[in-house]
Amino acid sequence: MIPVWLTDTVTPDLGRALHYTQLWGLQGVELRTVGGPDDRVPDVNEPQIRQQLEVSEFLLSSVAPALFGGPVHDRMMWLNDLARLPEILSFCQRMRCPRFVIDPFAATPNDADTALDTAADALRQAGEKAAAKNVIVGVKNDPSSLCPTGQDLALLLALVDHANVQAVWDPAAALRAGEDPRAGLDALVGRITMVRCSDGRIEQGQWNDTIFGEGDIDWTAQIEQLHANGFQGPISLEVYAEPRPKAGLRSATALIRLLGRVQRAG
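For clarity, every value in this text was computed on a predicted model and none was experimentally measured.

## Quick word on the nonpolar core
Leu-31, Phe-100 and Ile-235 are the most contacted members of the largest nonpolar core, which totals 80 residues. The leading source of residues in this core is helix H4 (residues 112-132), at eight residues. Those residues in contact with Ile-235, other than ones at most four positions away along the chain, are Met-1, Ile-2, Pro-3, Val-4, Val-195, Cys-197, Ile-223, Leu-226, Leu-255 and Leu-259.

Set out below in structure tokens:
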């Protein structure tokens, strides 16, 4: 397993983010917003980013463009997103990035079965385009999306049934949606391309961010199960506890120690 982090959870400045990557002992980065607040990949200064990454020799594990986030029944919106895919895939190829990450459409309170079928159709088409470029479409569970839990996401991926459409598993998001993260991980075994990694506590019905390993998620059990099932992909740290640079250092240190301990145990 490869410890990386989602840089704009602390800073959109890539130079500063790469400094933190080295300081915290991580092996790579995941990029979403780089530069100004509206500079979302791929609409960023690509030559500068490529040069900075090449000099640093850090892995670019994934990028997170703004795709497929609207209502699933807004067909025109997701058809436009499909039309943008060649641009995203070309960006991934030029940046030697193996995957991009999306949230699977906005939550739909009615006609859930129809929504899942429509989403599966859209993502299957995305998978076909991505397969031609050897890129993975990573679909993340999120409380405000069509798939708030791991079990919801597993159901969607089963409908998509495409090797290039895989899960980005987020235990913290699942917990916030009311799912036991152990159940979510069980449902997604064998379909995970990346894990998003943060922690927190639910106190009086509210989510409070914590340092990694100090919240309600049993990350030791998560990492042990991932290891036991042969997962070797990126574990992407998100930093939300304050102050973020210090919280990032503490969280990264705890994550690296946990990964080492689990891998040594075998």
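## A short note on unusual backbone geometry
With glycine set apart, most residues show a phi of negative sign, and most peptide bonds adopt trans. The omega torsion of the bond from Val-41 to Pro-42 falls at 10 degrees, within 30 degrees of zero and hence cis. Relative to the helices and strands, Pro-42 resides in the loop between strand S2 (28-31) and helix H2 (46-56). The omega angle of the peptide bond from Glu-242 to Pro-243 is -10 degrees, so this bond is cis rather than trans. Within the secondary structure layout, Pro-243 lies in the loop between strand S10 (234-237) and helix H9 (244-265). With a phi angle near 65 degrees, Glu-57 is a residue other than glycine that sits in the positive phi range. Residue position: Glu-57 is located in the loop between H2 and strand S3 (59-63). A positive phi is found at Arg-96, a non-glycine position, where the angle reads about 55 degrees. Here Arg-96 lies in the loop between helix H3 (75-94) and strand S4 (99-102).

## A closer look at empty space enclosed by the protein
What the rule picks out here adds up to one cavity of 30 Å³ or more. Of the pockets and cavities examined, the largest cavity occupies roughly 60 Å³. Contributing to the lining of the largest cavity are Ser-198, Asp-199, Asp-209, Thr-210, Phe-212, Leu-237, Glu-238, Val-239, Tyr-240, Ala-241, Ala-247 and Ser-251. Across the lining of the largest cavity, the residue classes break down as six nonpolar, three polar and three charged.

## Overview of the packing of helix H8 (residues 219-228) against H9
One can describe the packing of H8 onto H9 by two numbers: an axis separation of 10 Å at closest approach and a directional angle of 45 degrees. With respect to H9, the element H8 is oriented oblique. Handedness of the H8/H9 crossing: right-handed. For the pair H8 and H9, the contacting residues are Trp-219, Thr-220, Ile-223, Glu-224 and His-227 in the first and Leu-258, Leu-259, Arg-261, Val-262 and Gln-263 in the second.

## A short note on the pattern of salt bridges
All told, the structure shown has 13 salt bridges when counted by the stated rule. For Glu-46, the salt bridge goes to Arg-50, with nearest N and O atoms at 2.4 Å. Residue Glu-46 and its partner Arg-50 are located together in helix H2, separated by four residues, close to a single helical turn. Judged by relative accessible area, which is 11%, Glu-46 ranks as buried. The partner of Glu-87 in a salt bridge is Arg-84, with the nearest N and O atoms 3.5 Å apart. One end of the pair is Glu-87 and the other is Arg-84, both in helix H3 and three residues apart, which spans about a single turn. Each of Glu-30, Arg-196 and Glu-238 takes part in salt bridges that share partners, so that together they form one network.

Conventions and cut-offs
- Residues numbered from 1 in each chain as written.
- Predicted model: local features only at pLDDT ≥ 70, side-chain atom pairs only at ≥ 80, totals over all residues.
- Heavy atoms only, no water.
- Core = buried A, V, L, I, M, F, W, Y, C linked by side-chain atoms within 4.5 Å.
- Buried < 20%, exposed > 50% of the residue type's maximum accessible area, 1.4 Å probe, protein only.
- Helix = DSSP H or I, 4+ residues; strand = E, 2+ residues; numbered from the N terminus.
- Contact = heavy atoms within 4.5 Å.
- 1 Å grid on protein atoms, 1.4 Å probe; cavity = no way out; pocket = protein on both sides within 12 Å on 5 of 7 lines; lining within 4 Å.
- Points joined across faces, edges and corners; volume = space filled by probe spheres on them.
- Nonpolar A, V, L, I, M, F, W, Y, C, P; charged D, E, K, R; others polar.
- Axes fitted to C-alpha atoms, helices over the stretch in contact; angles between N-to-C directions.
- Parallel < 35°, antiparallel > 145°, perpendicular 65-115°, else oblique.
- Left-handed = near helix turned anticlockwise from the far one by under 90°.
- Salt bridge = Lys/Arg side-chain N within 4 Å of Asp/Glu carboxyl O.

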